[in-house]
Each structure stands twice: as structure tokens, then as C-alpha cells.
Amino acid sequence: MAHSPAGPLSALRGAVEPARFGLQGAPLALTMGRKVGTLPNMASDPPVRVPSARGASEEEPEATRITGVSSDLEAREQAHAYVVVLQGSNVGEMYKIEGPETIIGRATTVQVRLNDDGISRRHCRVFQVGGRVIIEDLGSANGTLVNGELVRNRDLADGDKIRLGATTMLKFTYQDKLDETFQKQMYDAALRDGLTKTYNKKFFLDRCETEFAYATRHKTMLSLVMFDVDHFKHVNDTYGHLAGDAVLVQLARITQSMIRTEDILARYGGEEFAVICRGIPLPNAGIVGERIRAAVERAVFESGSARMPVTISAGVAALPEAKSETMQDLISKADVALYAAKRSGRNRVCLMPG
């Protein structure tokens, strides 16, 4: 999940506005060959030079900074085609349409991967021909709808709504660099933790529900690794909360480097994190947890000249080993495994198979 100096004031505005508001919120006396504190009576009076807060001899600059207006306009004109997820598990994400074609589907090999079991592995493609942007269904099981109409192939116009599967809605749009930056900032603010930049708890829980439904329906594997920092209160009390924040940021960075791009890392709360591993059995998820644990133990965490000893404890639960009726059951089993790791001495990984 962020000024140019003022130009010369007119006589009236220069006299009245500073008198009302002053500098730094303090009353300001004006001297214009009259008694201190009197205001000009006519707009034709000469402009007033208001002493700056840095010294009475300094005057406000006369020049106005020239901004790169032309370059800003050029950036605005260089618009590109995008699809933005309006509804579904990937809500808020945006994908640029580039290259010969952009394949949309559920497979790991496509350019736009959407986590919706109503979407085929290679559902549709979007490609550009002579300035036109065309969407083509690739024989999907549930079809491709544009503005509510089932289509085989169709030219796309700015603002078109594309429905794929049961829950996913895309919007086709043209966006320039400024629009893209704004969209990403909004997406990050809604779905990511402000400190660590990992996904936040809300996104994690929503994604868990989607992944759990998919895994139970298709009888596939789903693993959950939950871990937190050992004796984190001691870190905060000894080195300060800023040092504690730095530990969490570095921990998130280490973890992100140890997992696959399709895995989901989230800050579950406080010093606790969680990783959703799709299609990985319990023993392999345990290996993931152990690799993260070992990497954290080897890493150097410093506060000033002091080195902070940091370790984590982790708990792992997985389908189908864990007989869970709901995603909350699976989260609870991973949490139980995490506390078992803490009770057995910390700095270790425990599995909860059933």
C-alpha cells in the first residue's frame, strides 16, 4: 500500500492577506510610510514588500519556477491499454496489454493469471492489430462476456467490462503513466501493509477463502506457514520500536526472497506473518518454513552499532492432511503448530498434520 516560490502579489492582496494571516501564523505589522499597522486605502498604491521570516532584508523572489509542462503533457498522451480487475480474488490489480498477445487464464504460464476456478487455464487472449485491441475467447468452459454479451472475438473500447468465470470482472481501459501510478498506489494502500509492504490481513483472509474453496473442490494441496519473531517484545524494549520496525521490514524482505511468485506473504498481525502455498504438500511446506527460519537465523539485524539476535518460530498446516472443514480451521491448526514450536524451545518449525 507520499512548489514553486510565490510570484509578486498585487498591491491589495499583498497588503491585506499577510496582515490577516502573517508568517508562521503570527500577526504581521506593515510599514509603508504610514503608521505601523495601517492598511492601504487604494489599489493604486505601490506594491508592498513583506519581510520574510529569515530576515527583514530578504525579499520574496520575483521569478516563478518554470515547470516541465510539455513533458508532463507528453507523459499524459502516451497511454497504453490495460485490464483492471474490478471484481474477484485479484481485485485492484492491473495488467498492461503488450507484446504480440496477452493470454488471460488460470494457468501459471499465462501473462494474466486470475485465481478463479470458473476461469479456464487459457481462457482468452487480447491482442492489438493496427491500433485496434481485440479480445478472443480460446474455447473456454464458461465463455467470455463483454458488456454482458457472450463473444467469440470482439474489438474492445475504453471502459468495456469483461466477465470471466463466475466471480471475475475486468475493465478494459487506456491509462498513461500518471494513471498507472495512481492506480498502483490505491491498490497498495488498500491491500498492503504500510510498514512491510506485504499483503495485509484482510487480503490474506479473502485470498485464503478463495484458495481453500478451490483446493477442497478440486481435491488439490494447500499449505499454510505461519511464523512470528521470537521475543519480539525484548527487541522493542532493548533497541526501541524503530529498531523493531526495521526487523519486521527486513524479515519480510528475506521471506519474500525465499518463496515463489505465486505464494502469498502477508503480515497477519504485529510480528506474525503467514504464507499461503498453493499446490504444496505438508512436508514440502515444512521445508519452506525451515528455509525461512534458517535464513532469518543467518541474517544480520543491526541497530546502530549493536547486532540484534533475531529468530522465528513457525507452524505449518496443510490440506488434505489437516481435516479442516473451513479455512479458519486450517489457520487455527497452523497457529497451534506455531505455539507448539514456541513451547518446545523456539527457533524451530512444527507441523500440524491433523
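Residues numbered from 1 in each chain as written. Predicted model: local features only at pLDDT ≥ 70, side-chain atom pairs only at ≥ 80, totals over all residues. Heavy atoms only, no water.

### Comments concerning the overall build of the chain
Alright, step 1. Helix and strand content of the chain: 8 helices and 18 strands.
Alright, step 2. Counting across all 354 residues of the chain, residues that qualify as buried make up 42%. (Helix = DSSP H or I, 4+ residues; strand = E, 2+ residues; numbered from the N terminus. Buried < 20%, exposed > 50% of the residue type's maximum accessible area, 1.4 Å probe, protein only.)

### A look at the environment of Leu 282
Alright, step 1. Counting through the fold element by element, Leu 282 comes out in helix α7 (residues 282–298).
Alright, step 2. Exposure remark for Leu 282: the relative accessible area of 6% places this residue in the buried category.
Alright, step 3. The sequence separation of Leu 282 and Ala 317 amounts to 35 residues, and the corresponding C-alpha distance is 6.6 Å.

### Topic: the packing of helix α4 (residues 201–218) against helix α8 (residues 327–343)
Alright, step 1. Contact geometry of α4 with α8 gives a least axis separation of 9 Å together with a crossing angle of 110°. By the angle between their directions, the pair α4 and α8 is classed as roughly perpendicular. When you trace α4 past α8, the crossing you get is right-handed. Where α4 approaches α8, its residues Phe 204, Leu 205, Cys 208, Glu 209 and Phe 212 are matched on the opposing element by Met 327, Gln 328 and Ile 331.
Alright, step 2. Along the lines of polarity and charge, the residues of the contact of α4 with α8 split into 6 nonpolar, 1 polar and 1 charged. (Axes fitted to C-alpha atoms, helices over the stretch in contact; angles between N-to-C directions. Parallel < 35°, antiparallel > 145°, perpendicular 65-115°, else oblique. Left-handed = near helix turned anticlockwise from the far one by under 90°. Contact = heavy atoms within 4.5 Å. Nonpolar A, V, L, I, M, F, W, Y, C, P; charged D, E, K, R; others polar.)

### Section: the packing of aromatic side chains
Alright, step 1. A full pass over the atoms with the stated rule returns 4 aromatic pairs.
Alright, step 2. Ring geometry for Tyr 199 against Phe 203: centres 4.0 Å apart, planes inclined by 15°, an arrangement best described as stacked.
Alright, step 3. With 5.5 Å between their ring centres and 85° between their planes, Phe 204 and Tyr 268 make a pair best called edge-to-face. Within this pair, whereas Phe 204 is found in helix α4, its partner Tyr 268 is found in strand β13 (residues 264–269), the two being separated by 64 residues in sequence.
Alright, step 4. Residue Tyr 268 is classed as buried on the basis of its relative accessible area, which comes to 17%.
Alright, step 5. Its end group placed over the ring of Tyr 268, Lys 201 keeps NZ or CZ at 4.5 Å from the ring centre.
Alright, step 6. Residue placement shows Arg 278 over the ring face of Tyr 214; its charged tip is 4.1 Å from the ring centre. (Phe/Tyr/Trp six-rings, centres within 6.5 Å; stacked < 30°, edge-to-face > 60°. Lys NZ or Arg CZ within 6 Å of the ring centre and 35° of its normal.)

### Focus: the nonpolar core
Alright, step 1. In terms of nonpolar packing, the biggest core is built from 31 residues, with Phe 227, Val 296 and Phe 301 touching the most fellow members.
Alright, step 2. Broken down by secondary-structure element, the contributors of at least two residues to this core are β12 (222–229), α5 (232–239), α6 (241–258), β14 (272–278), α7 and β17 (312–319).
Alright, step 3. Formed by 23 residues, the second largest nonpolar core is a distinct cluster that contains Ala 274, Ala 317, Ala 322 and Ile 331. (Core = buried A, V, L, I, M, F, W, Y, C linked by side-chain atoms within 4.5 Å.)

### So, α8
Alright, step 1. Taking 1.5 Å as the rise per residue, α8 with 17 residues should run 24 Å; its terminal C-alpha atoms sit 25 Å apart, in good agreement.
Alright, step 2. Within α8, the full set of buried residues consists of Met 327, Leu 330, Ile 331, Lys 333, Ala 334, Ala 337, Leu 338, Ala 341 and Lys 342.
Alright, step 3. Those residues of α8 that are buried are in contact with α4, β12, β13, β14, β17 and β18 (349–351).
Alright, step 4. Immediately downstream of α8, the backbone of Gly 345 shows phi near 125°, a positive value. (Expected span 1.5 Å × (residues − 1).)

### Some points on the pairing of β13
Alright, step 1. Among the 6 residues in β13, 5 count as buried, and that is most of the element.
Alright, step 2. Summarising the sheet, β13 and β14 pair through 5 bridges and their orientation is antiparallel. Residue pairing for β14: Leu 265 is matched across the bridge by Val 275.
Alright, step 3. Counting the residues between successive antiparallel strands, the hairpin from β13 to β14 contains 2 residues, one of them, Gly 270, with a positive phi of roughly 60°. (Pairing = 2+ DSSP bridges.)

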